[in-house]
Amino acid sequence: MSTYLLAWVIGQLDSINSTLNYPDITKELPARDIRIWTVPGHSHEATFALSTALDMIRWYEGYFDIPYPLPKMDLVALPDFSFGAMENWGLLLFRQDLILKKVDDTSAAKKQDVATILAHELAHQWFGNLVTMKWWSHLWLNEGFATFFEYFCTSQIFPDWEMMTQFLAKEEENALLFDSIEHTHALEVDIQRPSEILGVFDPITYNKGASLLRMISSNMGMPKFRNSLRHFLNQFKYSNIETQYLWEAFAQETQNPELPKYLEPWTSQPGYPLIKVTPELGDDRRVLITQHQFSLYHSTPVNNTENLWWLEIPMAIKTDTNYRVQTLLMFSRSMELSIGPNVVWYKANSGQTGFFRATYTDLTWRRLGGYFIAFNVEDKAGLINDALVLARAGLLSYELVTPFVSRLHDQLHPSVWTAALKELQNVAYMSYDSSNTTCYFSVLNYFQSIIPDSRNLNNRTHLLSLLRTRVLNFAVDIETRNDSTVASYLLGIFIDHMQNDHAIPDGLRSAVFKAGAKFYGEEEGYNYVFNRYKTSEDFAEKTILLEALASTSKPNLLQRTLMDSIDESIVPLQDRMNLVNLVSANVYGQDLAWEFLKTNWNNYFNNDYYFESFIGVVSRFSTMEKYQEVSQFFSEHNLGNDRLVAQVLELINNNIKWRTQIVPNMCLYFRL
């Protein structure tokens, strides 16, 4: 066992427990004790986690065909923990707000959060613990697999949640965004110093690693993928692994000795390709397909002759009379494809199984926008995210993006909205200029017009509940008036709750508390939320209340929130930097958060575990003045991670380009 997997927990704790056994099958497996420990008085909140953990352990044992090898498993909900969770072998640790759920809390988002973090840490009992990466350079074998199975295992236990579709819109899109900056890194990265290790616990290692596994499993088929993993785990259990061993297992199962050669570029080189599909001149029955490395802030794709990827491209083709998917294998800079006559539209990466982006001529983009409602959820999510990101990079006019965004009003799947939300939030943020708010308020008004009618979100399915939570949170974030339809609806629930102690419907607490803190009275709503935060014993609710405190548009209240972040009697250490980050994500709090961070850095924030959140605080800046301030700060404070510093400065520089070169065009189209 690797030494980093050893842990002790000492304290006064309560527990609930069950026994993992298999009375219904002939294969002899020993009974194992599964226990969840909590601070006193909260063990009943672990009921859902315990039953879900039992189901997931059974599923993992069946899928890998390898029993969990220890005689017991303890899961501990900790009141203050820097990480979200840790997979110590047989003693898994979690922040208590991430694993505990009140019995009467039926929130879809809460149930899903508990299930996915369990699936992630339990996957590590096989990938990470039973087999362990040989060195930190291969960390993706731990975290990529755990992130992939976080979704895949949960999808098997709760099939109605459509977790693999959610994976695409959340994890994969995040990886594509992070991997498009110049100072990204390959999945396999050279680690020479201890200070560099934390720097690779990032979206490349987790999200890109998992996305690569999703692409491979889709290309080779799930049965062969599973058989490969069974062979791999059995061959290397209780030993150390590196990427090449995995490629060889895939090659053996597929009987394709060339496969490692094709897969190697995906882990040895950074970035990913942008696929461009254009009609051949004079022959609309053939298209030319090219690949170049995509860069978020270059006006043209990076033409790096050394970076090529092996691609399996499923091309959806719609003609006047039929629809088909034609698969193309590509390991060259360009190639031609015959698509036949009478083509209405075509779309590369059908089903969004490949880790790449795709673009087309303006005419094709217009056709795809016109037929947007005809696509499945995965393709809708891919199209709208690709369009928004390509426009951000200056490779597509926002005129061609608005047909996709305007149709969000009628989209009732959370994955389509999730694929768009982060970019819409970025658009709103970049349009804000305190000296001239015309564009900002125009953008907000446009976004308010695409919010679905709340009456369409009342169906209590898991997915519609998720959508309601995410959309109403976005709606209150961009709302500027307390008498709008959305604000009035949420404020009505808040006032009824505050005055009559009526329960807030599950899934609405975040939006309702935000609306109350933001709009009710001068400070009355904020003070109520603050006092409830201090007295609440509902750990999940306390997280929601912190987010609400950072949502106010009043600078004096945001400053109060910042000061409270360093008072350990109010805000635990684990939430300190997150609260500062939340304030900085508010356009009215960005400068306040930065000044606060600089003033209190040495006393409260100079800690390795805060560096990732620190990126969020400063990476939203978009002026040369702030670029120079942040650069000066880094020159005076050694963070011990040169890549992190380079990434932050690159992001700010890119924001400057976005604001000066792209935003003026954007404001012409995001308006009513």
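Criteria and cut-off values
- Residues numbered from 1 in each chain as written.
- Predicted model: local features only at pLDDT ≥ 70, side-chain atom pairs only at ≥ 80, totals over all residues.
- Heavy atoms only, no water.
- Helix = DSSP H or I, 4+ residues; strand = E, 2+ residues; numbered from the N terminus.
- Rg over C-alpha atoms; globule rule 2.2 N^0.38 Å.
- Buried < 20%, exposed > 50% of the residue type's maximum accessible area, 1.4 Å probe, protein only.
- Contact = heavy atoms within 4.5 Å.
- Areas by Shrake-Rupley, 256 points an atom, 1.4 Å probe, with all protein chains shown as cover.
- Disulfide = S-S within 2.5 Å.
- 1 Å grid on protein atoms, 1.4 Å probe; cavity = no way out; pocket = protein on both sides within 12 Å on 5 of 7 lines; lining within 4 Å.
- Points joined across faces, edges and corners; volume = space filled by probe spheres on them.
- Salt bridge = Lys/Arg side-chain N within 4 Å of Asp/Glu carboxyl O.
- Pairing = 2+ DSSP bridges.
- Axes fitted to C-alpha atoms, helices over the stretch in contact; angles between N-to-C directions.
- Left-handed = near helix turned anticlockwise from the far one by under 90°.
- Lys, Arg positive; Asp, Glu negative; His and termini not counted.
- Patch = residues over 30% accessible without salt bridge, like charges linked within 9 Å, V, L, I, M, F, W, Y side chains within 5 Å.

Comments concerning the overall build of the protein chain
Part 1 of the reasoning: Within the protein chain, the regular secondary structure consists of 25 helices and 14 strands.
Part 2 of the reasoning: Relative to its length of 672 residues, the protein chain is compact, with a C-alpha radius of gyration of 25 Å against a globular reference of 26 Å.
Part 3 of the reasoning: Counting only C-alpha atoms and orienting by the principal axes, one finds that the protein chain spans roughly 70 × 70 × 55 Å.
Part 4 of the reasoning: Across the 672 residues of the protein chain, 59% fall into the buried class.
Part 5 of the reasoning: In the protein chain, of all internal contacts separated by at least 6 residues, the share reaching a separation of at least 24 is 69%.
Part 6 of the reasoning: Entry remark: accessible area of the protein chain is about 26,900 Å², with carbon and sulfur atoms responsible for 49%.

Notes on the state of the cysteines
Part 1 of the reasoning: Inspection of the entire model under this criterion finds 1 disulfide.
Part 2 of the reasoning: Note on cysteine connectivity: cysteine 439 is disulfide-linked to cysteine 667, with sulfurs 1.7 Å apart. Here the S-S torsion is close to -65°, and the disulfide linking cysteine 439 with cysteine 667 is therefore left-handed. On the criterion of sequence distance, the pair formed by cysteine 439 in helix α14 (residues 438-449) and cysteine 667 in the segment after α25 (642-666) is long-range, its members being 228 residues apart.

Examining unusual backbone geometry
Part 1 of the reasoning: One non-glycine residue with positive phi stands out, namely glutamine 352, at about 55°.
Part 2 of the reasoning: Mapped onto the elements, glutamine 352 comes out in the loop between β13 (343-347) and β14 (357-360).
Part 3 of the reasoning: For glutamine 352, a relative accessible area of 4% translates into the label buried.
Part 4 of the reasoning: Located in the positive-phi region is aspartate 501, a residue other than glycine, with phi close to 60°.
Part 5 of the reasoning: For aspartate 501, the position within the fold is in the loop between α16 (485-500) and α17 (509-519).

Brief notes about empty space enclosed by the protein
Part 1 of the reasoning: Summed over the entire model, instances satisfying the criterion amount to 2 cavities of 30 Å³ or more.
Part 2 of the reasoning: A volume near 40 Å³ is recorded for the largest cavity.
Part 3 of the reasoning: For the largest cavity, the full set of lining residues is Phe530, Tyr533, Leu546, Leu549, Thr561, Asp564, Ile570, Val571 and Leu579.
Part 4 of the reasoning: Mapped onto the lining of the largest cavity, the elements with two or more residues apiece are α18 (524-535), α19 (539-549) and α20 (555-564).
Part 5 of the reasoning: A volume near 30 Å³ is recorded for the second largest cavity.

Some points on the pattern of salt bridges
Part 1 of the reasoning: Under the defined criterion, the tally for this structure stands at 30 salt bridges.
Part 2 of the reasoning: Between glutamate 541 and arginine 532 there is a salt bridge, with its nearest N and O atoms 3.1 Å apart.
Part 3 of the reasoning: Its relative accessible area of 5% is what places glutamate 541 among the buried residues.
Part 4 of the reasoning: The class for arginine 532 is partly exposed, based on a relative accessible area of 23%.
Part 5 of the reasoning: The partner of aspartate 591 in a salt bridge is lysine 626, with the nearest N and O atoms 3.8 Å apart. With aspartate 591 in helix α22 (residues 590-605) and lysine 626 in helix α24 (residues 624-636), this residue pair connects regions lying 35 residues apart in the sequence.

Here's the deal with the sheet that holds strand β3 (residues 72-78)
Part 1 of the reasoning: The strand order across the open sheet built from 5 strands is β1-β2-β3-β5-β4, with neighbouring strands paired in mixed fashion. Edge strands, defined here as strands with exactly one partner in the open sheet, are β1 (14-20) and β4 (85-86).
Part 2 of the reasoning: In terms of strand pairing, β4 meets strand β5 (residues 91-95) through 2 bridges, oriented antiparallel. The residue of β5 that forms the bridge with alanine 85 is phenylalanine 94.
Part 3 of the reasoning: Set on the sheet, helix α1 (residues 47-64) makes contact with β1, β2 (32-38) and β3; between it and β1 the angle comes to about 30°.

Some points on the packing of α17 against α19
Part 1 of the reasoning: Following both chains from N to C, one finds α17 and α19 inclined at 35°, their axes separated by 8 Å at the closest point. Two packed elements cross with a definite hand, and for α17 against α19 that hand is right-handed. When α17 is examined against α19, the residues Arg509, Ser510, Phe513, Lys514 and Ala517 are found in contact with a partner set consisting of Glu541, Ile544, Leu545, Glu547 and Ala548.

Section: the side chain of lysine 110
Part 1 of the reasoning: When you line up the elements, lysine 110 lands in helix α3 (residues 108-123).
Part 2 of the reasoning: Of the buried charged residues, lysine 110 lacks a salt bridge, with aspartate 113 as the closest side chain of opposite charge at 6.0 Å.
Part 3 of the reasoning: Residue contacts for lysine 110: discarding those within four places in its chain leaves Asp97, Leu98, Leu100, Lys101, Asp105 and Ala540.

A few points about the sheet that holds strand β11 (residues 323-330)
Part 1 of the reasoning: As summarised here, the arrangement of the 3 strands in space is β11-β10-β13, forming an open sheet in which the pairing is antiparallel. With one partner strand each, in any of the chains shown, β11 and β13 form the two edges of the open sheet. On average, each strand axis in the sheet is inclined to that of its neighbour by 25°, with strand direction left out of account.

Brief notes about α17
Part 1 of the reasoning: Counting buried positions along α17 yields 11 of 11 residues, so the element is predominantly enclosed.
Part 2 of the reasoning: All of the buried residues in α17 are Arg509, Ser510, Ala511, Val512, Phe513, Lys514, Ala515, Gly516, Ala517, Lys518 and Phe519.
Part 3 of the reasoning: Of the surrounding secondary structure, the elements contacted by the buried residues of α17 are α15 (462-478), α16, α18 and α19.
Part 4 of the reasoning: Of the residues flanking the end of α17, it is glycine 521, one or two places downstream, whose phi is positive at about 65°.

Some points on a nonpolar patch on the surface
Part 1 of the reasoning: Together, Met1, Leu6, Trp8 and Ile10 make up a nonpolar patch on the protein surface, roughly 590 Å² of accessible area in all.
Part 2 of the reasoning: Its place among the elements puts isoleucine 10 in the segment before β1.
Part 3 of the reasoning: Residue isoleucine 10 is classed as exposed on the basis of its relative accessible area of 83%.

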